[in-house]
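Coordinates in review
Spelled out, the chains give:
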Amino acid sequence: MAGTVPSVTAGPSGFRRPLGPLDPAGADTPGDPGDPVRRWYENEQGWPTVPGSPVRLSVGVRFDVLDVPAEAGRAALGRLERPGRPGSAEYPKGPRRAGPGAGRFPVALQGGRMLLLVAAGSAEELPGLLVWLEWGTLTLDLAAIGTGGLIDAPPPPGTPPLGTSGRGAVRPISPAGVGSQGAAVWLRPPESGREVEASLPTLSATGARGNAPDLVRLVNTVATQCHRVRLLRTCGRPPAGVREAVRADNQPLARS
């Protein structure tokens, strides 16, 4: 993963964790317009790529990206696909509609990180959204990649894994190990076609498209799991009261 503009990481004073700049040599290498991976993204999805190898996708045009630890991302997706309890932060308000899991928005894995595709412009909203959700005073391993950023393009669905000829048996990869070796892979690939944006998490106030998940709920759930993972890594296991608070309503973990 690499980006040309800073991504953001929640912290006491806001956000700023720049992703590393592109390798100048790679940035100037002409890309192969006949590359089937590049053709699939540009022609089937309408997603712009940049010259060079490996194929990289331009962020901020058709989508933005939330970059979180894979462990936190998996836990967040599991919670989002279960209905919330009445009165909890996850319980949908107003008319009942399909939950975030129903949108099946695209999710990729790379190097122990999970990349959740969200509506373009979401990266700009993240700092204020985390402050509004009362996460702004904590350091979270949660980044946003927006306009000007780049991500490695995972192989399209059905593409043989790197290093295989496409013939013969391919040893299955366990879900826990997918994307852990550095190469980007799709956990939830985008559907073929140019209407993927209808499934991307977005702010309800901007007018949800199709059955797109709510960005506020997604960010709050992901932030909660990022903080939980941080506690687990630093303390071994969080206090019992903290664990129960997470199970009860997915509110931010205790700050004490």
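Nothing here was measured: the structure is a model prediction, and the numbers come from that model.

Some points on the overall build of the protein
Counting its secondary structure elements, the protein contains seven helices and 11 strands. When the 256 residues of the protein are sorted by exposure, 46% land in the buried category. In the protein, once contacts between residues fewer than 6 apart in sequence are set aside, the share between residues at least 24 apart is 72%. Total accessible area on the protein stands at roughly 12600 Å², and carbon and sulfur atoms take up 56% of it.

Digging into the nonpolar core
Where a protein is soluble and globular, its nonpolar side chains tend to be buried together. With 49 residues, the main nonpolar core has Phe63, Leu116, Leu142 and Leu218 as its most contacted residues. Listed by contribution, the elements that provide at least two residues to this core are α2 (36-45), β6 (64-69), α3 (70-80), β7 (107-110), β8 (113-118), α5 (122-132), β9 (143-145) and α6 (215-235).

Notes on α6
Residues spaced three or four apart along an α-helix point in a common direction, a consequence of the helix completing one turn every 3.6 residues. For α6, built from 21 residues, the straight-helix expectation of 30 Å at 1.5 Å per residue is met to within 8% by its first-to-last C-alpha distance of 30 Å. For α6, the side-chain oxygen to backbone nitrogen distance between the N-cap and Val216 is 3.3 Å, and the N-cap itself is Asp214.

Examining the packing of α5 against α6
Direction vectors running N to C along α5 and α6 enclose 65 degrees, while the axes themselves pass 11 Å from each other. Between α5 and α6 lies a crossing whose hand is right-handed. In this structure, α5 uses Ser122, Leu126, Leu129, Leu130 and Trp132 to contact α6, whose residues at the interface are Leu215, Val216, Val219 and Ala223. For the contact of α5 with α6, a count of residues per class yields eight nonpolar, one polar and no charged.

Describing unusual backbone geometry
In the segment running from Ser53 into Pro54, the intervening peptide bond is cis, with an omega of 0 degrees. Along the chain, the position of Pro54 falls in the loop between β4 (49-50) and β5 (56-58).

Brief notes about the environment of Arg230
With respect to the helices and strands, Arg230 occurs in helix α6. Sequence-wise, Arg230 and Leu140 are 90 residues apart; in three dimensions their C-alpha atoms are separated by 7.9 Å.

What about the pairing of β8?
By the criterion of burial, β8 is predominantly enclosed, with six of the six residues buried. Along β8, one buried face is formed by Arg113, Leu115 and Leu117 and the opposite face, lined by Met114, Leu116 and Val118, is buried too. Inspection of the sheet shows β6 paired to β8 by six bridges, in the antiparallel sense. By the bridge assignment for β8, Asp67 is matched with Leu115.

A closer look at the packing of aromatic side chains
This structure, assessed with the given rule, holds four aromatic pairs. Summarising the aromatic geometry, the rings of Trp47 and Phe63 are spaced 4.7 Å apart at their centres and angled 55 degrees between planes, so their arrangement reads as tilted. On the criterion of sequence distance, the pair formed by Trp47 in the loop between α2 and β4 and Phe63 in the loop between β5 and β6 is long-range, its members being 16 residues apart. Given a relative accessible area of 2%, Trp47 falls into the buried group.

Notes on the environment of Pro190
Tracing the backbone shows Pro190 in the loop between β11 (185-188) and α6. On the basis of relative accessible area, Pro190 is assigned to the buried category, the value being 4%. Considered as a pair, Pro190 and Pro106 are 84 residues apart in the sequence and their alpha carbons are 5.1 Å apart. Sequence-distant contacts of Pro190, defined by excluding residues within four places in its chain, comprise Trp40, Gln45, Trp47, Pro106, Pro157 and Val196.

A short note on the environment of Arg194
Considering the arrangement of structural elements, one finds Arg194 in the loop between β11 and α6. Here Arg194 falls in the partly exposed class, since its relative accessible area comes to 45%. The spacing of Arg194 and Glu44 is 150 residues in sequence and 6.8 Å in space, taken between C-alpha atoms. In this structure Arg194 touches Glu42, Asn43, Glu44, Gln45, Gly46 and Arg62, once residues within four positions along its chain are discounted.

Examining the packing of α3 against α6
With their axes 8 Å apart at the nearest point, α3 and α6 run at an angle of 135 degrees to one another. With respect to α6, the axis of α3 lies oblique. By crossing handedness, the relation of α3 to α6 is classed as right-handed. Together, Glu71, Ala72, Ala75, Ala76, Arg79 and Leu80 of α3 and Arg217, Leu218, Thr221, Val222, Gln225, Cys226, Val229, Leu232 and Arg233 of α6 make up the contact between the two elements. Considering only residue class, the contact of α3 with α6 consists of nine nonpolar, two polar and four charged.

Calculation notes
- Residues numbered from 1 in each chain as written.
- Predicted model: local features only at pLDDT ≥ 70, side-chain atom pairs only at ≥ 80, totals over all residues.
- Heavy atoms only, no water.
- Helix = DSSP H or I, 4+ residues; strand = E, 2+ residues; numbered from the N terminus.
- Buried < 20%, exposed > 50% of the residue type's maximum accessible area, 1.4 Å probe, protein only.
- Contact = heavy atoms within 4.5 Å.
- Areas by Shrake-Rupley, 256 points an atom, 1.4 Å probe, with all protein chains shown as cover.
- Core = buried A, V, L, I, M, F, W, Y, C linked by side-chain atoms within 4.5 Å.
- Expected span 1.5 Å × (residues − 1).
- Polar contact = N/O pair within 3.5 Å; in protein donor to acceptor, adjacent residues only side chain to side chain.
- Axes fitted to C-alpha atoms, helices over the stretch in contact; angles between N-to-C directions.
- Left-handed = near helix turned anticlockwise from the far one by under 90°.
- Nonpolar A, V, L, I, M, F, W, Y, C, P; charged D, E, K, R; others polar.
- Pairing = 2+ DSSP bridges.
- Phe/Tyr/Trp six-rings, centres within 6.5 Å; stacked < 30°, edge-to-face > 60°.
- Parallel < 35°, antiparallel > 145°, perpendicular 65-115°, else oblique.

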